Amino acid sequence: MADDEKKLLLVEDSDDHAELTEFYINDCRPALRVRRLRDGAEAMAYIEQAERLEQRLPWLVLLDLKLPKYDGHEILARMKRSGRLASIPVVIFSTSNSGKDIEQAMSSHANSYIVKPMEADKYGEVISEILEYWELNEHHHLLREPRESHA
Amino acid sequence: MNRRTFLQHSGKIGAAALAAAAFPKLGKAQSRPTIKVVGTHVTLLEPIRQKAEQDLGINIEFHPGGDAEVLLKASTDPTAFDLYEQWSNSIKVLWQAKTIQPINTRRLTYWEEINSLSKTGRISDKAKHGLGDAPDKILFVQSDGRLDGSETEEISFLPYVHNVDSFGYNSSVVPKGIPYETESWGWLLDERWAGKVAIVNSPEIGIFDLALAVRAKGLMQFKDMGNMSREEVDQLFDIIIALKRKGHFRGMWTSVPHSVELMATSEVVIQSMFSPGVSALNGMGIPCIYAAPKEGYRAWHGVMCLSRACVDERQEAAYAFMNWWLSGWPGAFIARQGYYISNPQRSKPFMSQAEWDYWYEGKPAAEPLMGTDGKISVQLGEVRTGGSYLRRFENIAVWNTVMDTYEYTLTKWNEFVLA
Amino acid sequence: MAVTDFLLRTVGLKKRIALGYIVTGLVAFMIALLSYGAFTRLAEDFRQIVHFSRHSADNMAFARQMTEMQRQALIYIYEGHSSAGTQVGTIYKQMMDSILSSQDLDRIGAGAVVELARRHLEAYYEAFREVQRQRQLQDRLVRSEFRVHATRAQQLIEELTRQEAAQPETPGLRPPLPENSFLSFIPAAAPAGQGGARPASEQGYTEAERMLNGAKMLASLLQIEKNAYRYFDSYESSFIQAATASLEDTRERLQTFDGQDKAAELKEVLERYEITFLEAVQRTRGYLYLINVVMSAQAYETIYQSNKLSAMMLHETGRIQQEVFAHISSRQQLLLFSTALLLLFIALFSYLISRSITLPLRRLTETFKLLSSGSADAEIPPYLLQDELGDLTGSAASFKGKNIELLASKKELERSNDELEQFVYTVSHDLKSPIVTSMGFIGIIRKLAAQGKAEQAMGMLEKVVKANERMSQLINDLLELSRVGRIDMDKKLVDLNALLADFARSQAERLKAATFTLIIQPNLPSLFANESRILQVFENILSNALKYVRNETEGCRLEINSYDDAQLHHILCADNGPGIAAEYRDKVFGLFYRLNVNIEGTGIGLAVAKKIMKFHSGDISAEARPGGGAVFHLTFPRAEAGQS
């Protein structure tokens, strides 16, 4: 599977954070396409559209928690309730390290919870590790259930 | 004027006018004699006195009193009276006391009209001669001064008012009997009326009621009830005193009002009675029946006696009064009280036919009849018990009598009364 | 129970207890009163019985006296004892006294009987007086006149006989009769009337016959007297006839002496003798009749009425006795019943009183248990009276009030804790965000620098600066927020008209630059508030409007208006922007919440406004404006209402 076929959905209200994320993704996986959504309302609209249309689904979702209109928890819950989108790995990528947020996200079946780093150089490493992990995880996943990716 | 012309008249006015004409005023202009009449309330009535004074032109004083009182007076003091009116049972006493003088029948206007009852003791041939002192036995003064039935020109009393007595009973308690058939003197001793029997308080009267009752009950017999021996008196009183001690008698009645009160208050249901008492009770609505006993009545005869001390002018006035009494009006007057007069035919014109029929003939009253008080005393259709004058006087058992044992009976009477 | 409720509603605790005692006392008094009534009645009945018993005794004595009186009367008559006559009078007086004292028996209907007894007694005594009179008259006749006539007759007969003897033809033929020859003749006396005198003829008698007749006359005279006395002794009427027959005999023999003066006188004497005798006889009969017939009947009637009276009194006594027994029995029952009833009443009443005390106490205990466990909704039992239990109920109510307050403050505390937590969370997130940004960009710069792309790296440096600037902005805003309610919060009466007019002037430049219209309606209220903070609220609302309102057709506009109701001043700040969707209308007042991240701002303005409004006991809320746009609705308590 080539990187150019893959798409990552980034739900992030802060332009600065989105720029950072997109920069480091581009830095380590130049082929991976990033679709950015700016707030909860856009995310909800996307989910509803994706459920209806036979469009190409993202490979991975990076979801910020603190969003205008609908927050990340709501988006997560909505996605995991959807039959078509539930299997897409959702990585919560937020500045919050509060136990409450983590617990809520995990109980809403978030696939991973990563706190945005506050050290220089660390941001790129975190993005790179997320991508690597989920690329690896995808391979294991494909081996176990090959037919699903074709569907 | 003779009797025939008199009887041709009828109606009260005619008779009254004749009666007035029949008595030439005695007093005339010079003097108006006064006579004293002693007697009882039965005949000493104010209307009679007034009528007599008016008819005769004399003064008449009435001195009514109790039986014993007037008899005592008359038997002890001839000056106390000119005429004495009482019962035949007082004649023996008076005659013995010699306070009265014989009456000469030739001076009696209506002597011939006086019926046989007084003269022979029997009103008719089939009448019984009652026991005791029948009027004839004490009427005629014999040559030896005794009184007996052989007719002489002198008589001890003027025969006038008379009647029969019996007992009365309250028919709401005592079952009504049949006159002369079931009604009996024996009823007085009937145990059913124990405690509610009274007897007239008079030994010369009540003793005969008791004797008749005792004989009717078959408790004893008398040789001569009209003149009992001491032994008979003892036996009679033994019986009645025993009864009285058992409470059979309520007591004695001492006057007619007393007898009325006893029956009116239901203390007594059967007792000796006089006819005015019966009338009074009937007037009060109490159904008192005056019995006609089968054994016969106890009869009495009124007597009018002339005082031994009555002489001259007063004697003339007394004779006039005696003649007036038999002249018709007084007889009619006392007939309305139930009494009979010795010459009833002369009174008949002074009565209505209905009155005559009721009082003398024993017929039902054809109209309501007035008494002497002007009130109705006899209701329409009523019949006098015992029937006619004749019927009643044909049935005389005994006459009121003062017996030879009089004083003895008095003491026995006291024992009886207080037993 | 209705009675308990009534007591609880109307009668205080002390009064209830006192009422219990009073009612018990009253009941005891009533029982005593009932007993007293019963005993009074019994005593009265007993007095009646005693009264009648006494009368009964009197009455029995009465009957005895009557009998005794008649006995005395009879003794008087038959024996002639005058003392017995006096005794009759004495007894009569006693009996009349006794009758007069019985007048009070009228109330048992015995008046008529008493009256009858009195009348009969009077009649009895009247008859007795007459008897006495007759007895005296008879006595006088018999003892005096009778004797006078008899003696005179004897004298005359003797004189007549002496005259015969004194005749010259027959001197000494017969000795003169001695003076007392009367008695000496008795044995020789021939039976009266036997061989009576021959029919008298004037001259047909011999001397001897005359002498013999004289002797016989004396004998007859003796017979008269003897028979008369026998009669008066025995009351046998045959002696009267015997006496009168002897008189007749004497009279006949007297005819022998006809023509002589003495003979005429003797005849007259004999006449008077006879009359006297007969009168005495009649008087005897009279009083015999009176005593045996009249008096006995009156005596009997008196006794009868007296017995009747006794029977009536006995009956009355019996009736009263029965009544007494009935009364005793009924009173006993009544007393027992009423006592039982009253005791039952006391029991019931005590139960009610104690219940009226324990019931509220039990309820209060229950309530206090709940209250002590911290309950704020424990029911306070209703108790209206101002007594001890009322106070206790009041305490329970204030206890409950405290519990309610406690619970409220606990909730408030929890809420502010949550708020604080939220604040910290929000602050930490929003403060971390610029750090993440600046650190991220520093990493990029380092990378670019390492790759020698200095120019590109320099371009990134601006991002770092911006992030740090935002950071300091956030920190300033936070400080500002913390000042609200802490610094410069003195309040005064603020005239909104004046305040907002100044505000409009001060913002004129800014508004002009943004081509924004601020309309302030007149007649805005005056508020008791902190002027600068209130101004800050309007600034924040205006700033918000300036950021969000973009209306090409109408031109951007904010209009401030107001109205009042009973409790609140309402101030409405309406714009003609895009409005706020219903789901964000509460969120917009959250700290650092921004509807649009690309619009400049920290998202703290409305949070500050909310806090200021809370501080003024007011509130702020977002609403939709009809025809598009948002309305910020401020409420202040009315000064009057707030002060009261």
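Structure first, text after, so check above.
Everything numeric here is computed off the predicted structure, so don't read it as measured data. (Residues numbered from 1 in each chain as written. Chains lettered and ligands numbered in written order. Predicted model: local features only at pLDDT ≥ 70, side-chain atom pairs only at ≥ 80, totals over all residues. Heavy atoms only, no water.)

Draft legend 1. Structural detail: the pattern of salt bridges. Applying the stated criterion across every chain, the model contains 53 salt bridges over all chains. In this structure, B:Arg230 and C:Glu236 form a salt bridge, with 2.7 Å as the shortest nitrogen-oxygen distance. With B:Arg230 in helix H8 (residues 230-245) and C:Glu236 in the loop between helix H6 (207-234) and helix H7 (238-254), this pair bridges two chains. The class of B:Arg230 is partly exposed, set by a relative accessible area of 31%. Residue class for C:Glu236 comes out partly exposed when judged on its relative accessible area of 21%. Note that B:Lys412 and B:Asp234 form a salt bridge whose closest N and O atoms lie 3.6 Å from each other. Remark: B:Asp234 occurs in helix H8 and B:Lys412 occurs in helix H16 (residues 406-417); sequence separation between them is 178 residues. One salt-bridge network, in which partners are shared between bridges, spans B:Lys98, C:Glu248, C:Arg251, C:Glu271 and C:Glu274. (Salt bridge = Lys/Arg side-chain N within 4 Å of Asp/Glu carboxyl O. Helix = DSSP H or I, 4+ residues; strand = E, 2+ residues; numbered from the N terminus. Buried < 20%, exposed > 50% of the residue type's maximum accessible area, 1.4 Å probe, protein only.)

Draft legend 2. Quick look at the packing of helix H11 (residues 496-513) of chain C against helix H12 (residues 531-548) of chain C. All names here are of chain C. In contact at an axis separation of 11 Å, H11 and H12 are set at 40° when each is read in the N-to-C sense. With respect to H12, the element H11 is oriented oblique. Here H11 runs over H12; the crossing is right-handed. Counted together, Leu496, Leu499, Leu500, Phe503, Gln507, Arg510 and Leu511 of H11 and Glu531, Ile534, Leu535, Phe538, Glu539, Leu542, Ser543 and Leu546 of H12 form the full contact between these two elements. A class-by-class count of the residues in the contact of H11 with H12 yields ten nonpolar, two polar and three charged. (Axes fitted to C-alpha atoms, helices over the stretch in contact; angles between N-to-C directions. Parallel < 35°, antiparallel > 145°, perpendicular 65-115°, else oblique. Left-handed = near helix turned anticlockwise from the far one by under 90°. Contact = heavy atoms within 4.5 Å. Nonpolar A, V, L, I, M, F, W, Y, C, P; charged D, E, K, R; others polar.)

Draft legend 3. Structural view of the interface of chain C and chain B. On the chain B side, the residues contacting the 38 residues of chain C number 33 residues. Looking only at chain C, the three residues that lose the most surface to chain B are C:Gln282, C:Tyr289 and C:Tyr300, adding up to 23% of its buried area. At the boundary of chain C and chain B, one finds five salt bridges. Viewed at the interface, chain B and chain C are joined by 14 residue pairs in polar contact (both at pLDDT 80 or more). Those elements that provide at least two residues to the side of chain C that touches chain B are helix H2 (13-79), helix H4 (111-166), H6, H7 and helix H8 (261-372) of chain C. Of all the elements, H8(C) adds the most residues to the side of chain C that touches chain B, at 23 residues. Of the residues in the side of chain C that touches chain B, the class split is 17 nonpolar, twelve polar and nine charged. (Buried area = accessible area lost by both parts, 1.4 Å probe. Polar contact = N/O pair within 3.5 Å; in protein donor to acceptor, adjacent residues only side chain to side chain.)

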